[in-house]
Amino acid sequence: MAEEFPFEISPMFEGERIRKNDMYVELSGPKSIGYELVRAKPMDEVEDGKFTLIGPDLSEMEEGSRYPLAMIYKIAGELVEEDLESIVERRNHDFQNYLQGLMHLNQRYDVWVRVSKDAIDKGLTSFEPVAKAIMMLFKNELPFIEKVEAIYVTDQAEIKKEMDNVKQIYRDRDDRTRNLHDEDVDTFYGCSLCQSFAPSNVCVITPDRISLCGAINWFDGRAAAKVDPEGPQFPIPKGDVIDEESGEYTGVNDIAKSLSNGEYDRIKLHSFFESPHTSCGCFEVVGFYIPEVDGIGWVDRDFTGTAPNGLPFSTMAGQTGGGKQVVGFLGVGINYFRSPKFIQSDGGWSRVVWMPKHLKDRVMDDIPDDVADKIATEDDAADLDSLKEFLDKKEHPIVERWEDEEEELEAEETSTQTTPAAAPTMMQMPVTATGAMPMMPISGNSGGVKVILKNAKITIDKVIVSKKNE
Ligand code: SF4
């Protein structure tokens, strides 16, 4: 079947990266617009195998240019239901990457596709074979799909016209989990799709925690596991609650151990610092600890500047991804900001100090009123000094932590001066399950010192306390 296409099709092309110099055209992405959308339809509304293109085809595109792209698939089948739309949509990402010479990144209205010069040289002149290959893979790999039809749009006006409706569809999907919480269900769902590039990644999807990629919620996971028990989404029996606040469950820990090949044996679903959820690379937003203010910032893919720590999204994403538990960084899906359990074991919203303005605006309705205007954006704080100043001026709840830490430090200093034999304590350092100490300031308001100790054994033979001459 694959011979009829002007490209090879195989999962081995999944890791293919198309750099700017090798790219023929770029479609959608951060500097253009587009989306991918799957809609479940009645059987008589889908013409199986049909492809429609609205706008210019590949052969009419100029080399080195950028164009908008929307990819819409209508699916039908006896078992097809709305809950499966996100699951099928997510597979568009995999399957596009199976095509040699195509690179697909991200999801929903953040999709970003590149076609290589090599693919064009080998005879790819139209989107039709691309769409037909994807439809073939959908039917081969997702047997509940009996009919599928594809509509690709490269006409900017047409995409713009539909964008609000499409965003509303995504919002409606996300809203379905609002009234359902982790304590209401016995089963969570896992997804192993990202293990192809992040082998130790353990993706756990619960009513209160959407997937990192933002594309799969608890209902989607349930529907997928039901119709395709051998597929990448699978049930995770919740087991016993170990700690409700941080979201630690025996069932999740068991699956963490087996899926990560023993690399991790604890995952706390609503924790930022201690045994956090792993981060694959598809996350929509990266959270980053800012030791200088003892707070957490969040930055998403659409933010093109640098965060107050001087780093852009891409650098922090590189630090965070790969399926690791990285203390001090955390990848999440945007809808997790709407969860009432959002990093609740580390202070929730009262620990958030910075986020890009467009992201803050997007989730504004879910930020508690008493902290909403105290979270800085790039308009308020471009670096650490202005961030500190802003938080102080706005009386952000984090300022209380600075004061508490200072008091604790003063008390410690006093006690070490009056008790010469006492060893220094590190009460402010939350030690992780792996024995690593996350980055924390010794003094929250003093500029901070980063200390990272992994699997450390510390032996102190002697402590000398001497008076400091002013
Ligand atoms: S981020 Fe999680 S849910 Fe999304 S594709 Fe990857 S493994 Fe699956």
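Look above for the structure.
Residues numbered from 1 in each chain as written. Predicted model: local features only at pLDDT ≥ 70, side-chain atom pairs only at ≥ 80, totals over all residues.

Draft legend 1. Structural context of the sheet that holds strand E14 (residues 285-290). Strand order across the open sheet formed by 4 strands is E16-E14-E15-E17, with mixed pairing between neighbours. For this open sheet the edge positions go to strand E16 (329-332) and strand E17 (352-354), each flanked by a neighbour on one side alone. Strand after strand, the sheet turns through a mean of 35° between neighbouring axes, direction not considered. Where E14 and strand E15 (residues 295-300) come together, 6 bridges link them in antiparallel fashion. Pairing of Phe-288 across the sheet is with Gly-297, part of E15. Contacts from helix H7 (residues 313-320) reach E14, E15 and E16, with the element oriented near 85° to E14. (Pairing = 2+ DSSP bridges. Helix = DSSP H or I, 4+ residues; strand = E, 2+ residues; numbered from the N terminus. Axes fitted to C-alpha atoms, helices over the stretch in contact; angles between N-to-C directions. Contact = placed C-beta atoms within 7 Å.)

Draft legend 2. Seen up close, the sheet that holds strand E9 (residues 187-191). Reading across from one edge, E10-E9-E11 is the order of the 3 strands in this open sheet, with antiparallel pairing throughout. Strands with a single pairing partner mark the edges of an open sheet, and in this sheet they are strand E10 (203-205) and strand E11 (233-237). The mean angle between the axes of side-by-side strands here comes to 35°, regardless of whether they run parallel or antiparallel.

Draft legend 3. Seen up close, the site of the ligand. Surrounding the ligand, one finds Arg-90, Cys-191, Leu-193, Cys-194, Cys-203, Ser-211, Leu-212, Cys-213, Ala-215, Ile-216, Cys-280 and Cys-282. When the residues that make up the shell around the ligand are grouped by side-chain class, the tally is 10 nonpolar, 1 polar and 1 charged. (Near = placed C-beta within 6 Å. Nonpolar A, V, L, I, M, F, W, Y, C, P; charged D, E, K, R; others polar.)

Draft legend 4. Looking closely at the nonpolar core. In this structure, Ile-75, Val-204, Ile-205, Val-252, Val-286 and Val-353 are the most contacted members of the largest nonpolar core, which totals 116 residues. Both domains that furnish three or more residues to this core are identified here as domain 1 (2-175) and domain 2 (182-381). Once residues lying within four places of it in the same chain are set aside, the contact partners of Val-353 are Ile-290, Val-293, Gly-295, Ile-296, Gly-297, Ile-375, Ala-376, Leu-387, Leu-391, His-396 and Ile-398. (Core = buried A, V, L, I, M, F, W, Y, C linked by C-beta atoms within 7 Å. Buried ≥ 20, exposed ≤ 12 C-beta atoms within 10 Å, placed from the backbone. Domains from an automatic or database assignment.)

Draft legend 5. Representation of the environment of Leu-105 within the structure. By the secondary structure assignment, Leu-105 is in strand E6 (residues 102-105). Judged by local crowding, Leu-105 falls into the partly exposed class, with 19 C-beta atoms found within 10 Å. Separated by 88 residues in the primary sequence, Leu-105 and Arg-17 place their C-alpha atoms 10.0 Å from one another.

Draft legend 6. Molecular detail of helix H1 (residues 85-98). Here H1 spans 20 Å end to end across 14 residues, near enough to the 20 Å set by a 1.5 Å rise per residue. Within H1, 13 of the 14 residues are buried, which leaves the element mostly enclosed by the surrounding structure. (Expected span 1.5 Å × (residues − 1).)

Draft legend 7. The arrangement of unusual backbone geometry in detail. A positive phi angle, near 55°, is found at Ser-28, a position not held by glycine. Note that Ser-28 resides in strand E1 (residues 23-28). Even without being glycine, Glu-395 reaches a positive phi, approximately 55°. Inspection of the secondary structure puts Glu-395 in the loop between helix H10 (384-394) and helix H11 (398-418).

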